[in-house]
Each structure stands twice: as C-alpha cells, then as structure tokens.
Amino acid sequence: MEMLSDEIKSEIQCGTGACPTRRCAILEALEIVQRRHGWVSDERLKAVADFLNLTVEEVDGVATFYNRIFRRPVGRHVILVCDSVSCWIMGFENILVHITKRLGIGFGETTPDGRFTLLPIQCLGACEQAPAIMIDGTLHGDLTPDKIDEILKGYE
Amino acid sequence: MERPLTNHIDKGREPLNLAEYERVGGYKALRESLTSLTQENILQLVKDSNLRGRGGAGFPTGLKWSSMPSSSNSPRPRYVIVDADEMEPGAFKDRILIEGNPHQLIEGMIICAYVVDSEIGYIFIRSEYTLAAKRLKRAIAEAYEKGYLGFNILGSGFNFELRLHISSGRYICGEGTALTNSLEGNRAVPRHKTPRQTESGLWGMPTLLNNVETLCNIPHIVDKGAEWFKSLSKCKDGGTKIFGVSGKVKKPGAWELPMGTTIREILEEHAGGMRDGVRFRGVLPGGGSTEFLVEQHLDVQMDYDSVQKAGSRFGTGTMIALDDHTCPVGMVHNLESFFARESCGWCTPCREGLPWTARILKAIEDGRGEPDDLKVLESHTKLLGPGRTFCALAPGAMEPLQSALKFFREDFERHITDKRCPWR
Ligand SMILES: Cc1cc2nc3c(=O)[nH]c(=O)nc-3n(C[C@H](O)[C@H](O)[C@H](O)COP(=O)(O)O)c2cc1C
Ligand code: SF4
Ligand code: FES
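Since the structure is predicted, the reported quantities are computational estimates derived from the model, not experimental observations.

Scoring rules and cut-offs
- Residues numbered from 1 in each chain as written.
- Chains lettered and ligands numbered in written order.
- Predicted model: local features only at pLDDT ≥ 70, side-chain atom pairs only at ≥ 80, totals over all residues.
- Heavy atoms only, no water.
- Near = heavy atom within 4 Å.
- 1 Å grid on protein atoms, 1.4 Å probe; cavity = no way out; pocket = protein on both sides within 12 Å on 5 of 7 lines; lining within 4 Å.
- Sits in = over half its atoms within 2 Å of the grid points.
- Nonpolar A, V, L, I, M, F, W, Y, C, P; charged D, E, K, R; others polar.
- Areas by Shrake-Rupley, 256 points an atom, 1.4 Å probe, with all protein chains shown as cover.
- Helix = DSSP H or I, 4+ residues; strand = E, 2+ residues; numbered from the N terminus.
- Domains from an automatic or database assignment.
- Contact = heavy atoms within 4.5 Å.
- Salt bridge = Lys/Arg side-chain N within 4 Å of Asp/Glu carboxyl O.
- Polar contact = N/O pair within 3.5 Å; in protein donor to acceptor, adjacent residues only side chain to side chain.
- Pairing = 2+ DSSP bridges.
- Axes fitted to C-alpha atoms, helices over the stretch in contact; angles between N-to-C directions.
- Buried < 20%, exposed > 50% of the residue type's maximum accessible area, 1.4 Å probe, protein only.
- Points joined across faces, edges and corners; volume = space filled by probe spheres on them.

Okay, the site of ligand 2 next. Residue and element names in this part refer to chain B. Around ligand 2 there are 13 residues in total, and Cys344, Trp346, Cys347, Cys350 and Cys391 lie nearest to it. For ligand 2, the cavity whose grid points lie within 2 Å of the majority of its atoms is the largest cavity. Looking at the shell around ligand 2 residue by residue, the classes come out as ten nonpolar, three polar and no charged.

Take a look at the structure:
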C-alpha cells in the first residue's frame, strides 16, 4: 500500500513551499500526516523521510522530540490534562482521579473502544481558569468532577 | 488610568476586525512610521520609552533592536520572530493579548520589521493556543488584503511577509535559540549564545526575537510618544504591564496596571485577596521559574529592578500564590517535575540533575525523605545554577527550589521527621 497518498504529498509540497531547506519541512509534513491519520506510524514516518529525501533517523529524531507528534496510535479524542503548578494547586489530582475512574485509563493510555486518549500537558496558559483541560483543541476551564462528566458526553 | 494594551479587549466578544481596529486608531502608527518617520526616529522613540522585554529577561527593547547589524553589509533575508510559545507555568498574558486584539501584535511587528529592515517575520505560537491562532490567521489575512502586509506596504517600498508557525510542542521551544532550531526543523535544543542571533540566527541570518507583549506596546509608543509611555509607569521602566494571579485567590485573572504596581495591590485589590479560609504564605512573582517572595515582600513594586532587589525575578509578571492549605514541598515537587520533563536533554547537569531533584522531592513528600536530602537539594541549586548549564532552563528551575528551602525549611524538615506530608 502506498503510505502517503498523492493528496498528502501535494499538501506537504504546498504547505512547505516557503521552506528554504528540506529539514524545515519535517514538522509540517508530520503534522499533515497526523491530521489525516491521527498519528505517525513507522511506515508513514519512513515514507515522509523518503519523500523529503532525508534519513529515517533525521525525521524520527525530530518527531520524538516534540510532544504533539504522536508516534503511537491515539483515540478519536485526545484529552490533555494540565498538570502544571496552578492547576495542581487548584485540584489537578482530583480531576485526574475522576477522569481515570470514569474512563478506566491513566496517562498515556487509550480506552479500549478507541474513544479517548489521556495525556498530561504543560501549563495550558489558562491558569486563571485552573484546573483546566483541553480536548481536541477546545479548552475547558474551572473544572469540577460534575462538569467533566457533562463535557465528556460531548465527545463520542 | 490608561490601559493601552487592553483598552479594546473585551473577553465576551470577538476581537476587533481590521476595520474596527482602524476606527479606534489602529494602523495609524504604522502609517505614520512608513510615511513620515525614519527608522532612526522610531528606534530612538523605543529607546527613550524605556520599554523592556516582556518575555522574562527584561532586556531593553531599543538596545536589542539596535544590535541588529546595519543592513548594508549583512546578508538577507533578515528575520523578526515573535515568541508566542507561552508555557511558563502560571503565565497566560500573551494568550489574552493575541485572542483579544491580534491586529495590535501584527501592527507592532510590522513596525519592528520596518525599523530593523526585515522582510520576513514568523509568529511562533504554541499548538494549544488554538483560538489565538485562529484569530491571528484571520487578522493576518485581513492585513494582507488591506496592503499592510506584503509588497510595497502603503506605497513606501517596504515589503514584509508574515508567517504563522504553530509549534509541535515543548516548553524549551520558547527559549530564543531553541526556537530558531525548531523553526529550522531540528530538535529544539538551544544554541550557543555567540554569535548573537541578531548576527546569525535563523538559517544564519540576522534575526530579532521579541515577546508578544513587548511588540504590542510598539504602536502605542509610536502613536503617543516616549514621554507618555514613561508616564504610564510608577518606576523608571516604561509602560503598563499585564499582571496575572493564579492560585487560591478570590478572583484569579489578569489586569493591565502601571509597571511598578506593588505585589500587595495586585494580590489584594485586583485578585481580591486569598479565598476565605486560606491564608497567604508566599508567591512566585513572575511565573514558575522565579523565587518565592513572602509576607515581608508584599510592598515590593513589580518592576525588574525592585523584584530583583527583593531576591526574585520579574519574569513574566504572572504570579502564582501559595496558601497555607497547600504543601510547599508538593508545590516545588510539581514544579521540578515539570522542569525535569521539559529539559531538552542537551547538557548533563540539567538532564540528570532535574529528575534527581524531582525524585528527592517526591520521596520527601511521600514520607521517605532522609535528613541528608536537604543538603543534596541545596547542592543541586548550586550545580544547576547560572553558568553551569547550557541555557537558562535549569537555573530557572532552581529558583523556586532554592527559595522554598530558605522560606519553608521547617516544612521540609517536618516531612522528614514526621515521615509524612502534614497536608495529606
Ligand atoms: C526555557 C525558556 C523558555 C522561554 N519561553 C518563552 C516564551 O514562551 N515566550 C517568550 O516570549 N519568551 C520566552 N523565553 C525568553 C526568550 O528566550 C526571550 O528572552 C524573549 O522572548 C525575548 O523577548 P523580549 O526581549 O521581548 O522579552 C524563554 C526562555 C527560556 C530560558
Ligand atoms: S539547561 Fe536543560 S534545557 Fe537548557 S540546554 Fe541544558 S538540558 Fe537543555
Ligand atoms: S497551570 Fe494549568 S493552565 Fe496554567
């Protein structure tokens, strides 16, 4: 099977047109693959490397450095729980315990039905609304356990 | 009191679009810059305004701009970069500024680019700032359409292209040289500080990096002048500042106040004081990588020099309050775990030392601490201190630890003698 569709290839070409070097295209290319497939598998990473005419090591060295490039499969929705200091003061641990109990997963895990993946995140820059989480790019602040139940219902 | 930065920010509604922004005086400073001011005029204005960088280090902005080499004998293109990576624990001011008024940042950036003769700019924004990025994208498109960006801006012959880069994540990306590496598609490890980035930065070209809040001030300085800007402040640094407070206060939030406002005023008047039932014990005045200040420091003015004199750092000006129902050891453990995780791994003291301090703090918190542990922690504050590591992440990480060992020593000792956390 062709690992990168022509569509993705042209998207990469288009999205990285302003890059003066091939290296500079790595992150954008990986982000494009991830947007389409949810994560970056070994095979697709190699395909990106081939396409950019770089080695797998060059591309993977970059991919594994950044926390928003997923090198393992993730669920349909990714829950980022802020575990930094203001949220910690305001009850991060209760929030985590509650989500873990509800979904039966801890950090780094995905629910068996593939619905949610749970990950920690650095300060979300929403400390005035601590404790805060982000699901698929949407911020949810001033959380309480009840609120979380309500919010999770919105993600199938 | 004047609040130039947040005057037109209303959290309840969409930010001003380009036409609305123009109606309240937006892009007037840009027009004036390009049509009737020279680059030297504006540079002098910025110098005279005593504006200091709002990204954490407080470097005088005018001086930084003037360290860009003269354009006649340096390679091109020349870059300006906005650091919108905001991940300092406790900091959320740049998000408010971008979400609230994206055109203000764009205008400041174009003026900056004009002054230092740069033709390409990047806004480097963290991936979780989705709303801010969306609003920026729209504003950038509007500015292109209106001819404030692109080719021959306002007929002046000045060209400027602005790109938005959404980061793939990691706290270290906010460090200037690591950010450059990240933009080039490398792992975001810092670079040597010499030559300076202004001489050899992005792809080896002259590169100027500024924080979001720093550049948001520029249109106002051009518009109303250096004397006006200085008059906004209660100290010799010019301007207002977005101060923030989080933790167990009655009204966590952010407010634009004169530079030099006291910690007490910010905490008690604006943040409403501590919540009922808890008492104030200390505050990290400038974000997670600054030293604790305590009761005796409440009347310290929030400006770079005063906070430094009090033994801490102004940092981002976003405070985190510690209360008496929160364990200081637990709080410092949380911070050191953050820094350990965010260490880029490039230099040994930080890569090995931070996880070690985090483990010791965890042991103390769990009641497994040994009397010698405090000595080990103290030695780390020296071994990972300024000048011992490749960048400022590790020394910053040691600031809350070192000051906690000073101000909350009894709490550490109690954990060790009682073999448990008194707060659990
Ligand atoms: C570990 C680390 C992280 C940083 N993160 C940021 C950041 O997210 N945003 C920022 O503006 N500056 C950050 N800085 C400071 C920048 O390196 C730089 O000093 C600043 O952006 C310069 O802009 P200014 O002169 O306008 O303040 C960070 C520094 C370090 C050491
Ligand atoms: S101090 Fe830490 S973050 Fe900075 S270069 Fe060394 S390992 Fe990387
Ligand atoms: S500490 Fe959680 S949003 Fe800042």
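Let us keep going from here.
Residue and element names in this part refer to chain B. Around ligand 1 there are 16 residues in total, and Gly55, Lys64, Asn210, Asn211 and Thr214 lie nearest to it. Look at ligand 1: alone it shows 610 Å² of surface, and the protein chains cover 86% of it. Considering each element in turn, the shell around ligand 1 owes the most residues, three residues, to strand β4 (residues 207-211).

It is worth spelling out the domain arrangement of chain B at this point. Residues and elements named next belong to chain B. As far as domains go, chain B holds domain 1 (18-231), domain 2 (240-323) and domain 3 (328-418). Placing the centre of domain 1 and that of domain 2 at their C-alpha centroids yields a distance of 27 Å. Each side of the interface is counted separately: domain 1 has 16 residues, and domain 2 has 20 residues. Lysine 241 is the partner of glutamate 213 in a salt bridge, and the nearest nitrogen-oxygen pair spans 2.8 Å. Joining domain 1 to domain 2, the criterion identifies nine residue pairs in polar contact (both at pLDDT 80 or more). Per element, the largest residue contribution to the side of domain 1 that touches domain 2 is three residues, and it comes from helix α5 (residues 93-100). Within the side of domain 1 that touches domain 2, the residues separate by chemical class into six nonpolar, five polar and five charged.

Turning to unusual backbone geometry, a few remarks are in order. Across the junction of alanine 130 of chain A and proline 131 of chain A, the peptide omega takes the value -5°, indicating a cis bond. Checked against the element boundaries, proline 131 of chain A lands in the loop between β2 (116-121) and β3 (133-135). Within the chain, arginine 170 of chain B stands out as a residue other than glycine whose phi angle is a positive 125°. Residue position: arginine 170 of chain B is located in the loop between β3 (161-166) and α8 (176-183).

Attention now goes to the sheet that holds strand β4 (residues 138-140) of chain A. Residues and elements named next belong to chain A. With mixed pairing, the four strands of this open sheet are ordered in space as β2-β1-β3-β4. The open sheet has two edge strands with one neighbour each: β2 and β4. Taken pair by pair, the neighbouring strands of this sheet meet at an average axis angle of 25°, ignoring direction. As paired strands, strand β1 (residues 77-82) and β3 are joined by three bridges and run antiparallel to one another. When the sheet's bridge partners are listed, isoleucine 79 is paired in β3 with isoleucine 135.

A word on the interface of chain A and chain B. Every contact between the two is made by 37 residues of chain A and, on the other side, 49 residues of chain B. There are four salt bridges connecting chain A and chain B. With its nearest N and O atoms 2.8 Å apart, the salt bridge here joins arginine 95 of chain B to glutamate 128 of chain A. Between chain A and chain B we count 21 residue pairs in polar contact (both at pLDDT 80 or more) in total. The set of elements that each furnish at least two residues to the side of chain A that touches chain B consists of α2 (26-37), α4 (56-63), α5 (85-89) and β2 of chain A. No other element matches α5 of chain A, which puts four residues into the side of chain A that touches chain B. Residue classes in the side of chain A that touches chain B are distributed as 21 nonpolar, ten polar and six charged.

What follows concerns the environment of serine 49 of chain B. All names here are of chain B. Relative to the helices and strands, serine 49 resides in the loop between α3 (39-48) and α4 (61-66). Residue class for serine 49 comes out buried when judged on its relative accessible area of 0%. Placed 123 residues apart in sequence, serine 49 and isoleucine 172 show a C-alpha to C-alpha distance of 30 Å. Setting aside residues no more than four positions away along its own chain, serine 49 makes contact with Ile221, Ala226, Phe229, Lys230 and Gly238.

We now examine empty space enclosed by the protein. Counted by the stated rule, this structure contains two cavities of 30 Å³ or more. By volume, the largest cavity is sized at about 90 Å³. Around the largest cavity, the lining is made up of 13 residues, and of these Cys344, Cys347, Cys350, Cys391 and Leu393 of chain B lie nearest the centre. Here the residues of the lining of the largest cavity are counted per class, giving ten nonpolar, three polar and no charged. There is about 30 Å³ of room inside the second largest cavity. Lining the second largest cavity, in full, are Cys82, Ser84, Ser86, Cys87, Cys123, Leu124, Gly125, Ala126, Cys127 and Ala132 of chain A. Split into classes, the residues belonging to the lining of the second largest cavity amount to seven nonpolar, three polar and no charged.

What the second largest pocket holds in volume is close to 1200 Å³. Taken together, 44 residues make up the lining of the second largest pocket; nearest its centre are Glu28, Glu31 and Arg35 of chain A together with Ile166 and Ser167 of chain B. Elements with a contribution of two residues or more to the lining of the second largest pocket: α1 (6-15), α2 and β1 of chain A together with α7 (130-146), β3 and α8 of chain B. The element best represented in the lining of the second largest pocket is α2 of chain A, accounting for six residues. Residue composition of the lining of the second largest pocket, grouped by class: 18 nonpolar, 14 polar and twelve charged.

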